[in-house]
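Residues per chain are reported as follows:
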Amino acid sequence: MITAVIGQPLSRIDGRQKVTGGATYAAEFDVPNVAHGSIVRSTIANGRIASIDSAAAEKAPGVIAVLTYRNAPRLAYRKHHGTTDPSVGERLHVLQDDRVNHQGDPIALVVAETLEQASYAATLVRVTYAPESGATNISRVKLVLPTQDQTDQGSTPPPDRPRGDPKGALARAAVKVDNTYVIPRENHNPIELHATIAAWDGDRLTLWDKTQWVDGAADEIAAVFGIPPENIRVISPFVGGAFGSGLRAWSHVTLGALGARVTGRPVKIMLSRRAMYYGTGYRPDTIQRVALGASREGHLNAIVHDAYHETSTYEEYTEALLAATRFLYSCPNVYTRDRLARLNVHTPTWMRAPGEASGVFALECAMDELAVALNMDPIELRLRNEPEQDEFKKLPFSSRSTKECYRIGAERFGWSRRNPEPRSMRDGRLLIGWGMAAATYPMNFAPASAVARLLPDGTAEVASASSDIGTGTWTSMTQVAAEALGLPIERVKFTLGDTRLPKTPPEGGSMTMASVGSAVQAACRKAREEALARGGANDLQEAMRRIGQPVEASVDSKPGDESQRFSMHAFGAVFVEVAVDPDLGETRVRRMVGAYGAGRIINPKTSRSQCIGGMIGGIGMALMEHCGRPTQWARHQRQSCRIRGAGARRCSAGHGLDFRRGARSAREPAWGEGPRRAPHRGRRSGDQQRRLPRDRQAHPRITCHAG
Amino acid sequence: MPGSIPDASAQTSGAAPAPLDIVLRVNGTEHRISVDPRTTLLDALREHLHLTGSKKGCGLGQCGACTVLMDGRRVNSCLSLAALVEGREITTIEGLARGEQLHALQAAFIERDAFQCGYCTPGQIISGVACIKEGHAGSPQEIREWMSGNLCRCGAYDNIVAAIQDTAQATTGSAQGG
């Protein structure tokens, strides 16, 4: 009998490829006769192209084609909204007209024999504009409610409908806190640049693309070009990080396919780091007012969570910003509202723990401030407001591990030694702060398919179109398959990242194991049962030897009615020690403990890496990352796109990616826009705002307890 | 003020430069290639020699994903012009293992799960090999300092430091625990 492989801390199956340079990422496929594409982008945020002169670029050595809106073929752009696209609005159409929608909007594509020739010729394209006034400042536009609220997978009532009487309850509350929390725009910045190689064969297209969803990319590009999705094959075995930026097929994928079609050559486009700020999404600028009202005993009786965030003029991006506020604590009177600021920027998108990470940040800061106002331990305050059920959906939780996470995290951290008095803990001249917060993320589950093929030699091939963006899908799916088949793991080969394989949902929203894992498990069980029955043996190897030919089983798995019966979420608690220099304000994260209740852990080793990666991402989001606001000097700053912060040095366990100089131009004012005015009247005055600080140093030691 | 932003900045202007015939010594093998004078060592490796283990993460010398050894010293190959490194001994991630036998640091990276997506990994490993050779792997703090030119967006730093420390202790016995 095979010992259980699920739950084993196995090293990554793709580890050897990754440490030897043998893992092939999108731009690295050796496609014969490939030409190189370089994208030219607008320098205004709103307006029209007045003139575009590509003559010099066309004459440059090695140039095969220069495409602009004047000569590019008209594309079908069939209506298509994949599950990762905003459901309201219309995606950017590239090179279809003279319209400029945002800073960095693609306005030309140069295709040349070599990368150097394409890059150089792109500098020769001359453009003048008829600029129009535009809005790039979130504080200066009228806020609007989303056309159709999508913040909770479509199951939400209108976004401004209250539960109970929050206003009245807040007014009557014995203790209240009321603050505004500002999160600046944050970019995904995976280390791998977005890249695509496009090759046509007649009316069939192959894309080697950096994507979190091969099926979604095929559907989108099929709609853009007006061809059947079956005509498109997307290959993406390795993804060098994406964090959400690979969930949509952005305009550079279209441009790659367009360039390839016009030139009759395979075309490779790899974005520059600068271009990663212009068209692959970001976590939006988000401003949230959270008011809490409580009794003196610390029982919440009012929550008001009123937020707004940026989106583009052409799409309404909304995320689950307020979802956790509606169920994390017991409270009879809750008001949540999320509004949009439509700016001349490109559309934001899902970024690691999209919505929840931003919303829980504000809610949990407010809970801490309430704990101070009540003179109560922050864990005790949370325990006093533990709900019996999800009070929004009025459903029981499938599991709720908050209390256990608080207990285990507090023990590991040494929370009992905390002095709650502000400024009471010191290390020499440094102020020491100990804090904690709850974490939560929904259990998402989407339809997925898988195939399992048993071979006469007693090995198995299992496949599903999923991705492995570093999450460990390759390894964990192999574990699921091996256990379901009852085979040793080295006899099971799992394949992913290709539209020729059974369909899966996007690798995002932490849904892959629940969705794809269920399909893999079911396909493997089915194949095993079939083989045992046909072979007339109790031993699979013996059965397969007798059958003498492959046995294959495919399964389309889909969720049952769990989500109608339960409110399903993972929970966690994170504890942090920071040291703050009282004179300089320099902040260092010295240690961090996370405790997570994330369901059944398939591989503790890769799961631990995921948890720690998320915690480090949180440090970066909280202390170091910021995509700059528009300033008068933004245009010049753009010239020096450099990574601020550091990696291992300043942030021993954290990272320090901060490409904000380059990013700043993305929020650059349109021509003619004046200096910033006073903050929008919907915002609180400055002294009541809590901004995520930046330029702080982090130096944490991080531990994580997942279970 | 130019009216457009090209995705990559060209490195020269004016007339077309004539291609240069050069010899690159990579992982002990000589490669004769004809390159544009503007071609970086990174692009020569990736686009001409199809040695794609060295990664492009920024092209600006900021992320360290392109790190290679040049005559034993670590350099950002995206900031080196191919034509200027003729005669140098270049080692990339592809040249680290001895056949099937992984370099100790490669094995330690797998054991410690010192990566997730794997894209920064070749640069981290090459840089880590040099870090140990330089004698800069004496403590976790020292490793962090001397590995600070290599970024990891997945946040595997703790495990990277542990893998380098394991290897340094095994190979030199000089590293201090901590």
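Because the structure is a prediction, the values reported are computed rather than measured.

1. Focus on the overall build of chain B
Per the secondary structure count, chain B includes five helices and six strands. Reading the helices (α) and strands (β) of chain B from amino to carboxyl end gives β-β-β-α-β-β-β-α-α-α-α. A buried classification covers 58% of the 178 residues belonging to chain B. Relative to all contacts within chain B whose residues are 6 or more apart in sequence, the contacts with residues 24 or more apart total 58%.

2. As for the overall build of chain A
When its secondary structure is counted, chain A shows 16 helices and 27 strands. Relative to all contacts within chain A whose residues are 6 or more apart in sequence, the contacts with residues 24 or more apart total 82%.

3. Topic: the packing of helix 2 (residues 104-111) of chain B against helix 3 (residues 121-133) of chain B
The relative placement of two packed helices is expressed as an angle between their axes plus a distance between the axes. All names here are of chain B. Two numbers describe how helix 2 lies on helix 3: the axes approach to 10 Å, and their chain directions differ by 130°. Put simply, helix 2 runs oblique to helix 3. Where helix 2 crosses over helix 3, the handedness of that crossing is right-handed. Each of Leu105, Gln106 and Phe109 in helix 2 lies in contact with helix 3, whose residues at this interface are Thr121, Ile125, Gly128 and Val129.

4. Details of the sheet that holds strand 21 (residues 460-463) of chain A
Residue and element names in this part refer to chain A. With mixed pairing, the four strands of this open sheet are ordered in space as 22-21-20-23. The sheet is open, and its two borders are formed by strand 22 (492-495) and strand 23 (551-557), each paired with just one other strand. If you compare each strand with its neighbour and ignore which way they point, the axes differ by 15° on average. Note that strand 20 (residues 448-454) and strand 21 share four bridges and pair antiparallel. Residue pairing across strands places Ala452 opposite Val462, the latter belonging to strand 21. The sheet strands contacting helix 10 (residues 473-485) are strand 20, strand 21 and strand 22, and the helix crosses strand 22 at an angle near 135°. Sheet contacts for helix 11 (residues 512-535): strand 20, strand 21 and strand 23; angle to strand 23, the most-contacted strand, approximately 145°.

5. Concerning the packing of helix 2 of chain B against helix 5 (residues 157-171) of chain B
Residues and elements named next belong to chain B. Between helix 2 and helix 5, the least distance of the axes is 8 Å, while the angle of their chain directions is 140°. It follows from the interaxial angle that helix 2 and helix 5 lie oblique. Between helix 2 and helix 5 lies a crossing whose hand is right-handed. Across the interface between the two elements, Ala104, Leu105, Ala108 and Phe109 of helix 2 pack against Ala163, Ile164, Asp166, Thr167, Ala170 and Thr171 of helix 5. Tallied by class, the residues present in the contact of helix 2 with helix 5 amount to seven nonpolar, two polar and one charged.

6. Focus: the nonpolar core
All names here are of chain A. Val110, Ile221, Ala481 and Ala523 are the most contacted members of the largest nonpolar core, which has 177 residues in total. For this core, the element with the most residues is helix 11, which contributes 10 residues. In contact with Ile221, not counting residues within four places along its chain, are Leu205, Leu207, Ile232, Ala249, Val253, Thr254 and Ala257. In terms of nonpolar packing, the next biggest core, distinct from the first, is built from 75 residues, Tyr181, Ala307, Met436 and Ala439 among them.

7. Some remarks on the environment of A:Met276
Residues and elements named next belong to chain A. One can find Met276 in the loop between strand 13 (267-270) and strand 14 (286-294). Between the alpha carbons of Met276 and Ser245 there is a distance of 9.4 Å; along the sequence they are 31 residues apart. With residues near it in sequence (within four places) discarded, Met276 still touches Asn187, Asn189, Leu193, His194 and Leu271.

8. Focus: the pairing of strand 2 (residues 47-53) of chain A
Residue and element names in this part refer to chain A. Pairing between strand 2 and strand 5 (residues 99-100): two bridges, direction antiparallel. Counterpart to Gly47 in the pairing with strand 5 is Val100. With six bridges connecting them, strand 2 and strand 7 (residues 126-131) associate as antiparallel partners. Counterpart to Asp53 in the pairing with strand 7 is Arg126.

9. Quick notes on the interface of chain A and chain B
Between chain A and chain B, the contact holds 70 residues from the first and 60 residues from the second. For the side of chain A that touches chain B, the secondary-structure elements that each account for two or more residues are helix 1 (15-20), strand 1 (35-42), helix 3 (115-122), strand 7 and helix 14 (604-624) of chain A. In this sheet, strand 1 (residues 4-6) of chain B lies alongside strand 1 of chain A in antiparallel orientation, the contact comprising three bridges. Among the inter-strand pairings, A:Val40 is bridged to a residue of strand 1 of chain B, identified as B:Pro6.

10. Section: helix 14 of chain A
Over its 21 residues, helix 14 of chain A runs 29 Å from end to end, which matches the ideal 30 Å to within 8%, given 1.5 Å per residue. Here helix 14 of chain A lies mainly inside the structure; 19 of its 21 residues are buried.

11. Digging into the environment of B:Val75
All names here are of chain B. Along the chain, the position of Val75 falls in strand 5 (residues 73-76). In this structure, the C-alpha to C-alpha distance between Val75 and Gly64, residues 11 residues apart in sequence, is 8.6 Å. Ignoring any residue separated from it by four or fewer positions in sequence, one finds Val75 in contact with Val68, Met70 and Ser80.

12. Concerning the confidence of the model for chain B
All names here are of chain B. Looking at chain B, pLDDT values average 92 and 90% of them are 70 or higher. For the stretch residues 174-178, pLDDT sits under 50, and the model shows 11 contacts to residues farther than four places along the chain or on other chains. Predicted complex metrics record ipTM = 0.93 and pTM = 0.91.

13. Description of the confidence of the model for chain A
Residue and element names in this part refer to chain A. Per-residue confidence for chain A averages 89 on the pLDDT scale, and 86% of its residues sit at or above 70. This model gives residues 150-157 a pLDDT under 50, and the stretch forms 15 contacts once residues within four places in sequence are excluded. Scored below 50 in pLDDT, residues 693-700 makes 33 contacts in the model with residues more than four places away or belonging to other chains.

14. Regarding the environment of A:Ala446
Along the chain, A:Ala446 turns up in the loop between strand 19 (430-442) and strand 20. Filtering out sequence-adjacent residues up to four positions away, A:Ala446 remains in contact with A:Pro505, A:Met511 and A:Ser515.

15. Details of the sheet that holds strand 5 of chain B
Residue and element names in this part refer to chain B. Strand order across the open sheet formed by five strands is 3-2-6-4-5, with mixed pairing between neighbours. With partners counted over all chains shown, the strands left at the sheet margins are strand 3 (29-35) and strand 5, one partner each. Between one strand and the next, the sheet's axes are offset by a mean angle of 40°, whatever the strand orientation. Here two bridges tie strand 4 (residues 67-70) to strand 6 (residues 89-91), and the two strands are oriented antiparallel to one another. Within the sheet, the bridge partner assigned to Leu69 lies in strand 6 and is Thr91. Seen against the sheet, helix 1 (residues 41-48) touches strand 2 (20-26) and strand 3 and runs at an angle of roughly 100° to strand 3. Strand contacts of helix 3: strand 4 and strand 5, with the helix running at about 40° to strand 4, the strand carrying the most contacts.

16. Describing unusual backbone geometry
All names here are of chain A. The residue Asn33 is not glycine, and still its phi comes out positive at about 65°. Mapped onto the elements, Asn33 comes out in the loop between helix 1 and strand 1. Of note in this structure, Asn189 is not a glycine but carries a positive phi near 45°. Turning to its location among the elements, Asn189 is positioned in the loop between strand 9 (175-183) and strand 10 (195-201).

17. Topic: helix 1 of chain B
Given 3.6 residues per helical turn, the α-helix brings residues three or four places apart onto the same face. Burial analysis of helix 1 of chain B places seven of its eight residues in the buried class, the great majority of the element. Within helix 1 of chain B the residues assigned to the buried category are B:Leu41, B:Leu42, B:Asp43, B:Ala44, B:Leu45, B:Arg46 and B:Glu47. Residues of helix 1 of chain B that are buried make contact with helix 3 of chain A together with strand 2 and strand 3 of chain B. Phi turns positive one or two residues past the end of helix 1 of chain B, at B:His50, with a value near 55°.

Quick notes on the rules
Residues numbered from 1 in each chain as written. Chains lettered and ligands numbered in written order. Predicted model: local features only at pLDDT ≥ 70, side-chain atom pairs only at ≥ 80, totals over all residues. Helix = DSSP H or I, 4+ residues; strand = E, 2+ residues; numbered from the N terminus. Buried ≥ 20, exposed ≤ 12 C-beta atoms within 10 Å, placed from the backbone. Contact = placed C-beta atoms within 7 Å. Axes fitted to C-alpha atoms, helices over the stretch in contact; angles between N-to-C directions. Parallel < 35°, antiparallel > 145°, perpendicular 65-115°, else oblique. Left-handed = near helix turned anticlockwise from the far one by under 90°. Pairing = 2+ DSSP bridges. Nonpolar A, V, L, I, M, F, W, Y, C, P; charged D, E, K, R; others polar. Core = buried A, V, L, I, M, F, W, Y, C linked by C-beta atoms within 7 Å. Expected span 1.5 Å × (residues − 1). pLDDT = per-residue confidence, 0-100.

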